[in-house]
Amino acid sequence: QVQLVESGGGLVQAGGSLRLSCAAAGRTFSSYSMGWFRQAPGKEREFVAAISSSGGHLYYADSVKGRFTISRDNAKNTVALQMNSLKPEDTAVYYCAAVQRYGRVYTRSYEYDYWGQGTQVTVSS
């Protein structure tokens, strides 16, 4: 089992940057594939980015490709989402998610077993 806590959200102007972090409590973090999702008001939760357990495989939603970067540090039990060139449409609550599987990335919310509480990102125009 793993507990996830996100941080780093906030208010930023369009074109700015934010770095989200997700800290995982547990001794087997390196066995978890990780993902970031977001949910805007009145919309369904959507996939943003994913990284495999080793960090060797990455995958991004088309809407963030080239602007967002996912990374992980298995020694520190953390996964990060660097968000650059932010747009108002990136405004949402961002969630970190984990599933204990090796070797690939997962892009569907139902594939994940553990979720953080979320952190708000607001991009003003």
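Please refer to the structure higher up on the page.
Note that this is a predicted model, so its numbers are computed, not measured.

Honestly, the overall build of the protein chain in this entry has me stumped. Any pointers?
Helix and strand content of the protein chain: zero helices and 11 strands. Each helix and strand of the protein chain, ordered N terminal to C terminal, gives the series β-β-β-β-β-β-β-β-β-β-β. Since a compact globule built from 125 residues should have a radius of gyration of about 14 Å, the 13 Å found for the protein chain is in line with a globular shape. Put simply, 61% of the contacts in the protein chain that link residues at least 6 apart link residues at least 24 apart. Within the structure as shown, the protein chain displays about 6400 Å² of accessible surface, and the carbon and sulfur contribution to it stands at 46%.

For this particular structure, what's the right way to read the side chain of Asp90?
Among the secondary structure elements, Asp90 is positioned in the loop between strand E8 (78-83) and strand E9 (92-99). The exposure class of Asp90 is buried, given its relative accessible area of 1%. Within the local environment of Asp90, its side chain forms a polar contact with the side chain of Arg67, the two groups lying 2.7 Å apart. Residue contacts for Asp90: discarding those within four places in its chain leaves Arg38, Arg67, Phe68, Ser85, Val121 and Val123.

I'm lost on the packing of aromatic side chains in this one. Help?
Between two aromatic rings, the relevant description is the distance of the centres plus the angle of the planes. All chains considered together, the criterion is met by six aromatic pairs. Here Phe37 and Phe47 contribute two aromatic rings whose centre-to-centre distance is 5.7 Å and whose plane-to-plane angle is 75 degrees, an arrangement assigned as edge-to-face. Taken together, the residues span a long stretch of sequence, with Phe37 in strand E4 (residues 33-39) and Phe47 in strand E5 (residues 46-51) at a distance of 10 residues. Judged by relative accessible area, which is 13%, Phe47 ranks as buried. Ring centres of Phe47 and Tyr59 lie 6.0 Å apart, and the angle between their planes is 35 degrees; on these two criteria the pair is classed as tilted. Of this pair, Phe47 sits in strand E5 while Tyr59 sits in strand E6 (residues 58-60), placing them 12 residues apart in sequence. Cluster of aromatic residues (ring-pair linked, three or more members): Phe37, Phe47, Tyr59, Tyr112 and Trp115. Positioned above the aromatic ring of Tyr95, the side-chain terminus of Arg45 is 3.9 Å from the ring centre. The lysine or arginine in question, Arg45, covers the ring of Trp115, its NZ or CZ lying 4.6 Å from the ring centre.

Rules used in this analysis
- Each chain carries its own residue numbering, running from 1 in the written order of its sequence.
- Where local features are concerned, this predicted model is filtered to residues with pLDDT of at least 70; where side-chain atom pairs are given and counted, the filter is 80 or more; whole-chain, interface and lining totals use all residues.
- The side-chain values count all of the structure's non-hydrogen atoms but skip hydrogen atoms and water molecules.
- Put simply, DSSP H or I for four residues or longer makes a helix, DSSP E for two residues or longer makes a strand, and each gets a number counted from the N terminus.
- Values of the radius of gyration come from C-alpha atoms, whereas the globule rule sets the reference at 2.2 Å times the count of residues to the power 0.38.
- What makes two residues a contact is simply this: any of their non-hydrogen atoms within 4.5 Å.
- Here the open area of atoms and residues is found with the Shrake-Rupley method and a 1.4 Å probe, where only the protein chains shown may cover a residue.
- For every residue, the accessible area obtained with a 1.4 Å probe (protein chains only) is divided by the maximum for its type, and the residue is called buried under 20%, exposed over 50%, and partly exposed between those limits.
- As used in this structure description, the phrase polar contact means that two N or O atoms lie within 3.5 Å; if the pair is within protein, one of them must be able to donate a hydrogen and the other to accept it, and residues adjacent in sequence are counted only when both atoms belong to side chains.
- We call Phe, Tyr and Trp rings a pair once their centres come within 6.5 Å, taking the six-membered ring for Trp, and we label the pair stacked below 30 degrees between planes, edge-to-face above 60, and tilted otherwise.
- Charge-over-ring placement is defined geometrically: NZ (Lys) or CZ (Arg) within 6 Å of the ring centre, and within 35 degrees of the ring normal.

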